[in-house]
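Fold and contact review
This is what each chain is made of:
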Amino acid sequence: MAIKVAAIGTGNVGRHALTQLITDPRFELTGVWVSSESKAGKDAAELVGLDDSTGIKATNDLDEVLATNPQCAVYTAMADNRLPDALEDYRRILAAGVNVVGSSAVFLQYPWQTLPEELVTPIEDAAKAGNASLFVNGIDPGFANDLLPLALAGTCQSIEQIRCMEIVDYATYDSATVMFDVMGFGRALDDIPLLLQPGVLSFAWGSVVRQLAAGLGVELDEVTETYIREPAPEDFEIASGHIAKGTAAALRFEVRGMKDGKPAVVLEHVTRLRNDLHPDWPQPAQEGGSYRIEITGEPSYAVDVCLSSRKGDHNHAGLVATAARVVNAIPAVVEAAPGIRTTLDLPLITGKGLYAG
């Protein structure tokens, strides 16, 4: 029997999640929540460019969606610039007895010791009260820095360090909010954006290093962060808008899980808006970008994950992968024990039922 599922959000990730919910026979779509009035009232199929009507009309009333009695909600709504609202959404959905898989509020991937208890406890209490479970994941934070490195770690005799890297050109990533407001591209180098405020990098990606450390059985001493920004050498355009000469056009940061004065687990991002910016920084394994896992140990590993798509570039492929990671987790999450679930305690999520020939 198909699992009844609602979609919460239809943005960059959400539209791909919604497409799969409509076309994957494992699921029955019950409702769609949208953030804008312009999308409200439209058929779910229209929102993602599918021809056949679903009969499910989008609404911006969350209670209306919950009233359709889904077994699980797919939460992809923006959280970076509306964190209190997103956490309250999660609390309400779980308290209503609805399981949740999500791609936003990424620290919920593994929130313990990263998120203040006063933010985690209401979500855990709601999950307990609603007998529901929550799984937040994607690609990064997500399978590129939990599932894959932990699988490789399981083949080592000893490990000194695990480093997970995203090396990506974001020029085609179309979200002005994320690119300009959150990440600070196109802004003066002395104008510190949300992402680079003290502690925010560790807040956002601390879940990655702490989960990896937990998987290795390592108790970290502390989590530290560092970043470098590079100015644009001239004016140029990206999908999200204009980048003026002298404003931020490349960013490199690390979030480090420290043990005995050494970085045991490192999350590193190298983000460019043009591939000629800072050529001395790590380069991707394919044009546009790749994800890299480096394990220093016995044996050591260097593994590059290169995404592509017949429907778009590397950034499009990453959005599809993020959506599919959480959508494909729905059956396991519905069956899971109540509470915040992670890659460490869910069964292996495969592509079962997806083979198209």
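Above this note sits the structure.
The structure contained in this document is the topic of the report that follows. (Residues numbered from 1 in each chain as written. Predicted model: local features only at pLDDT ≥ 70, side-chain atom pairs only at ≥ 80, totals over all residues. Heavy atoms only, no water.)

Another point: the sheet that holds strand β11 (residues 248-259). Taken together, the six strands give an open sheet; going across it, the order is β8-β11-β12-β7-β13-β14, and neighbouring strands pair in mixed fashion. In this open sheet, the two strands that pair with only one neighbour each are β8 (222-231) and β14 (301-305). For this sheet, the mean angle separating the axes of adjacent strands, direction not counted, is 10°. Sheet analysis places β8 next to β11, joined by 10 bridges and oriented antiparallel. Each bridged residue has a counterpart across the sheet, and for Thr226 the counterpart in β11 is Glu254. (Pairing = 2+ DSSP bridges. Helix = DSSP H or I, 4+ residues; strand = E, 2+ residues; numbered from the N terminus. Axes fitted to C-alpha atoms, helices over the stretch in contact; angles between N-to-C directions.)

Take the environment of Ala329 next. One can find Ala329 in the loop between α9 (314-327) and α10 (330-335). Separated by 21 residues in the primary sequence, Ala329 and Thr350 place their C-alpha atoms 8.5 Å from one another. Among all residues touching Ala329, those that are not within four sequence positions of it are Val101, Phe135 and Ile349. (Contact = heavy atoms within 4.5 Å.)

One broad rule of soluble globular proteins: the nonpolar side chains tend to lie buried together. Membership of the largest hydrophobic core comes to 85 residues, with the highest contact counts inside it found for Val32 and Ile330. The element that contributes the greatest number of residues to this core is helix α8 (residues 200-216), accounting for seven residues. Every residue in contact with Ile330, bar those within four places of it in the chain, is listed here: Ile3, Val5, Leu21, Phe27, Cys72, Val74 and Val101. In this structure, Trp33, Leu115, Ala126 and Ala127 belong to the second largest nonpolar core, which totals 29 residues. (Core = buried A, V, L, I, M, F, W, Y, C linked by side-chain atoms within 4.5 Å. Buried < 20%, exposed > 50% of the residue type's maximum accessible area, 1.4 Å probe, protein only.)

Attention shifts here to α8. Taking 1.5 Å of rise per residue, 17 residues should cover 24 Å, and α8 covers 24 Å from first to last C-alpha, within 8% of that figure. At Gly206, α8 shows its largest bend, some 50°. Counting buried positions over the 17 residues of α8 gives 12, a clear majority of the element. Looking at α8, one finds that the buried residues are Leu201, Ser202, Ala204, Trp205, Gly206, Ser207, Val208, Val209, Arg210, Gln211, Leu212 and Ala213. Against α6 (147-153), β7 (158-169), β8, β11 and β12 (262-272) lie the buried residues of α8. (Expected span 1.5 Å × (residues − 1). Bend = angle between axes of the 7 residues up to and from the residue.)

Attention shifts here to the packing of helix α4 (residues 83-95) against helix α5 (residues 117-130). To characterise two packed helices, one gives the angle between the axes of the helices and the distance between these axes. One can describe the packing of α4 onto α5 by two numbers: an axis separation of 7 Å at closest approach and a directional angle of 20°. With respect to α5, the element α4 is oriented roughly parallel. Here α4 runs over α5; the crossing is left-handed. Along its contact with α4, which presents Leu87, Arg91, Leu94 and Ala95, the element α5 presents Leu119, Pro122, Ile123, Ala126, Ala127 and Gly130. (Parallel < 35°, antiparallel > 145°, perpendicular 65-115°, else oblique. Left-handed = near helix turned anticlockwise from the far one by under 90°.)

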